[in-house]
Amino acid sequence: AELWRTTFATQDEQGEERDSLDDDLLLGGCEFEVEAGWEDEACLKEFFAAVAGGDMHQVRVSMDRWAFEGDETDIQGERVLHVAAREGRAEVVCELLARGFDVTARNPESKTPAQIAAESGHTDLARFLKSAQDG
């Protein structure tokens, strides 16, 4: 697997090029590894980075353009819903759930997105995910 660091740019509504990830995330090093062999590895990497960065525009563009099913994982076996929960990206979580991503999915440590959110200190998001999970 290849280590991937992104500072990809997108265009805002006025056509101006802008960084699509938060500066604090970039300064911290936005790194994702994905399993080689996925049809378009760059698309998947971009999607994971957008989810982690809370870039709703890019999340929606990626989901509309490619048929992500929610079972795609990074090299650690984390699904995008787990990544969004860990980063506290409530808006992204809502979008993923609205598109049918599995709130009961477990990572390699057998943890749900609700558990990941709770461990990361995102208590409101953890409660929301737990209620969706119990649903």
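Up top is the structure.
Given the structure is predicted, the values throughout are model-derived calculations rather than measurements. (Residues numbered from 1 in each chain as written. Predicted model: local features only at pLDDT ≥ 70, side-chain atom pairs only at ≥ 80, totals over all residues. Heavy atoms only, no water.)

Between helix 5 (residues 90-98) and helix 7 (residues 123-134), the least distance of the axes is 11 Å, while the angle of their chain directions is 10°. When the interaxial angle is binned, helix 5 and helix 7 end up roughly parallel. Relative to helix 7, the crossing made by helix 5 is right-handed. Contacts from Ala90, Val93, Cys94 and Leu97 of helix 5 reach helix 7 at Leu125, Phe128, Leu129 and Ala132. A per-class count over the contact of helix 5 with helix 7 returns eight nonpolar, no polar and no charged. (Axes fitted to C-alpha atoms, helices over the stretch in contact; angles between N-to-C directions. Helix = DSSP H or I, 4+ residues; strand = E, 2+ residues; numbered from the N terminus. Parallel < 35°, antiparallel > 145°, perpendicular 65-115°, else oblique. Left-handed = near helix turned anticlockwise from the far one by under 90°. Contact = heavy atoms within 4.5 Å. Nonpolar A, V, L, I, M, F, W, Y, C, P; charged D, E, K, R; others polar.)

Listed in full, the buried residues belonging to helix 5 are Val92, Val93, Glu95 and Leu96. Looking straight down helix 5, one finds that the buried residues subtend no more than 165° of arc, so they occupy a single side. Of the residues in helix 5, the exposed ones pointing more than 90 degrees away from the buried face are Glu91 and Ala98. The elements touched by buried residues of helix 5 are helix 2 (41-53), helix 3 (56-65), helix 4 (80-87) and helix 7. Just past helix 5, the residue glycine 100 takes up positive phi, approximately 90°. (Buried < 20%, exposed > 50% of the residue type's maximum accessible area, 1.4 Å probe, protein only. Arc of directions from axis to C-beta.)

Glancing now at the nonpolar core. Membership of the largest hydrophobic core comes to 26 residues, with the highest contact counts inside it found for Phe47, Val51, Leu96, Phe101 and Leu129. Among the elements of the structure, helix 2, helix 3, helix 4, helix 5, helix 6 (113-119) and helix 7 are those that each provide at least two residues to this core. Broken down by element, the residue count for this core peaks at six residues, all from helix 2. Not counting residues within four places of it along the chain, the set of residues in contact with leucine 129 comprises Ala85, Val93, Leu97, Val103, Pro113, Ala114 and Ala117. (Core = buried A, V, L, I, M, F, W, Y, C linked by side-chain atoms within 4.5 Å.)

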